[in-house]
2 protein chains.
Amino acid sequence: MDELKEKYKNKNVLITGGLGFLGSNIAHKLVEYGANVTIIDALLSFYGGNKFNISGIENKVQVIIGDIRDFRLTEKTIEGKDIIFNLAAQVSYIDSINIPLDDLDINCKGHLIVLDACRHRNPDARLIFSSSRMVLGELLYSPVTEDHPTEPLSIYGIHKLTGEKYYQTYHKTYGLKTVVLRITNPYGIRQQMKHSKYSLVGWFLRQAMEDKTIQIFGDGKQLRDYIYVDDIVTAFLKAGISDKAIGQIYNIGLGKSSQFLEMVKTVLKVAGKGKIECVPWPKNYEKIETGSFEMSMEKAKKDLKWFPRIELEEGIKRMCEYYKKFKQFYW
Amino acid sequence: MDELKEKYKNKNVLITGGLGFLGSNIAHKLVEYGANVTIIDALLSFYGGNKFNISGIENKVQVIIGDIRDFRLTEKTIEGKDIIFNLAAQVSYIDSINIPLDDLDINCKGHLIVLDACRHRNPDARLIFSSSRMVLGELLYSPVTEDHPTEPLSIYGIHKLTGEKYYQTYHKTYGLKTVVLRITNPYGIRQQMKHSKYSLVGWFLRQAMEDKTIQIFGDGKQLRDYIYVDDIVTAFLKAGISDKAIGQIYNIGLGKSSQFLEMVKTVLKVAGKGKIECVPWPKNYEKIETGSFEMSMEKAKKDLKWFPRIELEEGIKRMCEYYKKFKQFYW
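These numbers come from a predicted model, not from an experiment.

Scanning chain A for helices and strands turns up 12 helices and 13 strands. Relative to the globule expectation of 20 Å for 331 residues, the C-alpha radius of gyration of chain A, 19 Å, shows essentially globular dimensions. With the C-alpha coordinates of chain A rotated into their principal frame, the extents come out at 55 × 45 × 40 Å. Each of the 331 residues in chain A was classed as buried or not, and the buried ones make up 54%. In chain A, of all internal contacts separated by at least 6 residues, the share reaching a separation of at least 24 is 81%.

Here is the structure:
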């Protein structure tokens, strides 16, 4: 941690999507480390951007309400930045089914603009991209390593894969210093709690806290790798300063999968409220869900010296405390 | 051939980009086979669309001057079609470096619109997509089979790969009947002859016919698989009616590579004019060129019973005759 603090002190860091779940948690840590933080966020409705997410550091960061798809704005914003965490995104694979063109526009065009601007105006910046396990599609072996074939089953997965290829190609062809982090199932404080379209941990926690009945699709036996946001933040920060990481892709997860049903039970236990009901899978979900999921974190552990630590129950406890306090800003 | 004629007779066929090089050649063959052909083409400047390309069949096809990125138009146009050959594209990897956003818009958005329109309004149509060897990137083995890793080195290659994934995913997830053809180095009659940004065979032929000096980058020893358009047309037509092809990707090339220099010498020989000069590689090209290139056609031969026949010299002869006659429409 001391090494991170030292390396980030006085660094100029840009976080796109910095009012969202992952971006804002990164911002809090960077402010603690003494970095000069700039946030750009479009605050699109229904997505994760929330001004309360930077509560406590709002006077220590520069916030630009704007869209990375705005080429001129992005060109100006990336200049002089040492490290750019690129988290602006449409984050629901469910929505990608219904609004594939918006998903394309946000998840591809925006990143292409950031990269092309950096190629011309800031070729030395470190660029860290937030990708997803959804690039993989049907799993051929387990645990999944970074070189597993990528045959996505959703538009969301395709566009995340396109994003990965942008970062990889701008590294290989133009020498940009890019890193791709492929995140499993993230959860934690500052995530949106308004709908169920992404991060079911959060949605279920809200339902449990409201003493509602949580619907589970199928038997709930599928394995998922749930990773708490603080561990993800550390992965981003380490990726942002590691020379070894340049041009690489890393799996970022806890490295230990839980049954879906177990996750829900933990949520109920922590909340001390709520009920479970099992129902059949809805039609649209079934073909996209990829069955059980276990991912290897060996590469990130080796290259980044990154070791995820926060177990599911502990993570949900932290979330529950946070949302008890700040419910009115998220409900 | 008789089987193709029988199968295409009275079929409703749509060709996007149908005034371009490959599209118009497909249109000519389909009219011969008695299909009801509709062409949609945006006639974007600098690309391959050319009204003269349908000279002789202009009264036998329906032509819509319009863009597949126009959602409403595309929705109307795909209705009732049995087979859709989807060839609308930005086709220069050189341009993709300078105008990555246009490349994204044309080569991704347009195809996503066609597929999504078919998903909702014409789920039984056969959809054939024209992809490229440029999806591959650095070659790990040779000859290249369809399951070779895809790590493109250009934006053009990334977006063609994204296109492939769209077609594959709309098949796997929504059951659409899609086929991807991954074309090597196409050449032939009806290709544009105005600039050197794609299909160097055509550009060199023009220079030779004008008795100019042809510049070759490097030693010209890299291998390329040049495939004549008539063989490609047959591959498209076979892919459009084969049940086995649904959901598949096929390499489409001659299956026999020639040295680049040999191609240029053949062009000079056929034209009976022109000179060769060797110069070093320009900076931008070098990192994208993938060295020698040999591709296996075994899968297409086996599944589609497709056997490319036209040797390089024969193909260039046919081109030379065509452009001697119709120069004024292409120069």
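Having seen the structure, we can now continue with the description.
The next thing to look at is helix 6 (residues 155-174) of chain B. An α-helix turns once every 3.6 residues. As a result, residues three or four positions apart point the same way. Residue and element names in this part refer to chain B. For helix 6, spanning 20 residues, the distance from its first C-alpha to its last is 27 Å, which sits close to the expected 28 Å at 1.5 Å a residue. The buried count for helix 6 comes to 17 of 20 residues, which makes it a mostly enclosed element. Taken from the residues just after helix 6, G175 is the one with a positive phi, measuring 75°.

Here we take up the relation of the copies chain B and chain A. Note on the chain copies: they are related by a rotation about an axis and a translation along it. For the pair chain B and chain A, the relating rotation is 180°, the translation along its axis is 0.0 Å, and the fit reaches an RMSD of 0.0 Å. Such a combination of turn and shift is consistent with a two-fold rotation axis. For chain B, the minimum C-alpha distance to the rotation axis belongs to B:T162 and amounts to 3.1 Å. Both copies share a contact surface, since 100% of the interface residues of chain B are interface residues in chain A too.

Here the focus is the interface of chain B and chain A. Between chain B and chain A, the residue contacts involve 22 residues of the former and 22 residues of the latter. Of all the secondary structure elements, the ones that give two or more residues to the side of chain B that touches chain A are helix 5 (100-121) and helix 6 of chain B. Take the side of chain B that touches chain A: its biggest share by element is 9 residues, from helix 6 of chain B. Its residues assigned to classes, the side of chain B that touches chain A shows 11 nonpolar, 5 polar and 6 charged.

It is worth spelling out the confidence of the model for chain A at this point. For any part of a model where pLDDT is low, the fine detail of the predicted coordinates should not be relied upon. Residue-level pLDDT values for chain A average 94, and 98% of them are 70 or greater. Interface scoring of the predicted complex returns ipTM 0.89; its pTM is 0.93.

Residues and elements named next belong to chain B. Taken together, the 7 strands give an open sheet; going across it, the order is 3-2-1-4-5-6-11, and neighbouring strands pair in parallel fashion. Of all strands in the sheet, those with a lone pairing partner are strand 3 (61-65) and strand 11 (249-252), marking the two edges. For this sheet, the mean angle separating the axes of adjacent strands, direction not counted, is 20°. Both strand 4 (residues 83-86) and strand 5 (residues 126-132) contribute to a ladder of 4 bridges, which runs parallel. Residue pairing in the sheet places F85 in a bridge with I128 of strand 5. Its contacts with the sheet place helix 8 (residues 229-241) against strand 4, strand 5, strand 6 (177-183) and strand 11, and it is angled at close to 160° to strand 6.

A separate point is the packing of helix 6 (residues 155-174) of chain A against helix 6 of chain B. The angle between the axes and the distance between the axes are what describe a pair of packed helices. Where helix 6 of chain A meets helix 6 of chain B, the closest approach of the two axes is 10 Å, and the angle between their N-to-C directions is 160°. Overall, the two elements helix 6 of chain A and helix 6 of chain B adopt an arrangement that is roughly antiparallel. Between helix 6 of chain A and helix 6 of chain B lies a crossing of right-handed hand. The residues of helix 6 of chain B that touch helix 6 of chain A, namely those facing A:I158, A:L161, A:T162, A:K165, A:Y166 and A:T169, are B:I158, B:L161, B:T162, B:K165, B:Y166 and B:T169. Of the residues in the contact of helix 6 of chain A with helix 6 of chain B, the class split is 6 nonpolar, 4 polar and 2 charged.

All names here are of chain B. With respect to the helices and strands, the residue P123 is situated in the loop between helix 5 and strand 5. Residues P123 and K177 lie 54 residues apart in sequence; the distance between their C-alpha atoms is 7.8 Å. Discounting residues that sit within four places of it in the chain, P123 has contacts with C118, G175 and L176.

Before going further, it helps to spend a moment on the nonpolar core. If you look at the biggest cluster of nonpolar residues, it comprises 202 residues, and the most contacted ones within it are A:L181 and B:L181. Residue contacts for B:L181: discarding those within four places in its chain leaves B:I128, B:F129, B:S130, B:S131, B:A235, B:F236, B:A239, B:Y250 and B:I252.

Moving on: the environment of B:Y166. Residues and elements named next belong to chain B. By secondary structure assignment, the location of Y166 is in helix 6. Here Y166 falls in the buried class, since 27 other C-beta atoms lie within 10 Å of it. Along the backbone, Y166 and D116 are 50 residues apart, and their C-alpha atoms lie at a distance of 9.7 Å.

Here the focus is the sheet that holds strand 6 (residues 177-183) of chain A. Residue and element names in this part refer to chain A. Spatially, 7 strands are ordered 3-2-1-4-5-6-11 in an open sheet, and the strand pairing comes out parallel. Here the strands that pair on one side only, and so sit at the sheet edges, are strand 3 (61-65) and strand 11 (249-252). On average, each strand axis in the sheet is inclined to that of its neighbour by 20°, with strand direction left out of account. Taken together, the 5 bridges between strand 1 (residues 12-16) and strand 2 (residues 36-41) define a ladder with parallel strand orientation. Residue pairing for strand 2: I15 is matched across the bridge by I39. Along the sheet face, helix 2 (residues 21-32) touches strand 1, strand 2, strand 3, strand 4 (83-86) and strand 5 (126-132) and points at about 165° away from the line of strand 2.

Parameters at a glance
Position numbers for residues count from 1 along each chain, tracking the sequence in the order it is written. Labels are handed out in written order, letters beginning with A for the chains and numbers beginning with 1 for the ligands. Totals for whole chains, interfaces and linings use all residues, but because this is a predicted model, local features are given only for residues with pLDDT of at least 70 and pairs of side-chain atoms are given and counted only at 80 or more. In this text, helices come from DSSP runs of H or I with a minimum length of four residues, and strands from runs of E with a minimum of two, each type numbered from the N-terminal end. Throughout, radius of gyration means the C-alpha value; the globule benchmark is 2.2 Å times the number of residues raised to the power 0.38. Burial is judged by counting other C-beta atoms within 10 Å of a residue's own C-beta: 20 or more means buried, 12 or fewer means exposed, and anything between counts as partly exposed, with every C-beta placed from the backbone. C-beta atoms are first placed from the backbone for all residues, and any pair lying within 7 Å is then listed as a contact. How far a helix is expected to stretch is found by multiplying one less than its residue total by 1.5 Å. Copies overlap after least-squares fitting; the atoms used are the C-alpha atoms of residues with pLDDT of at least 70 in both. Classification used: nonpolar for Ala, Val, Leu, Ile, Met, Phe, Trp, Tyr, Cys and Pro, charged for Asp, Glu, Lys and Arg, polar for all others including Gly. The predictor attaches a confidence to each residue, and that confidence, scored 0 to 100, is pLDDT. One requirement defines pairing of two strands: DSSP has to find at least two bridges between them. Angular values range over 0 to 180 degrees, each being the angle between N-to-C directions of two axes fitted as lines to C-alpha atoms, with helices fitted over their stretch in contact. Each angle is binned into one of four classes, with values under 35 degrees roughly parallel, values over 145 roughly antiparallel, values of 65 to 115 roughly perpendicular, and all other values oblique. Two helices crossing with the near one rotated counterclockwise from the far one by less than a right angle form a left-handed crossing, whereas a clockwise rotation gives a right-handed crossing. For our purposes the nonpolar core covers buried Ala, Val, Leu, Ile, Met, Phe, Trp, Tyr and Cys residues that link as a set through C-beta atoms within 7 Å.

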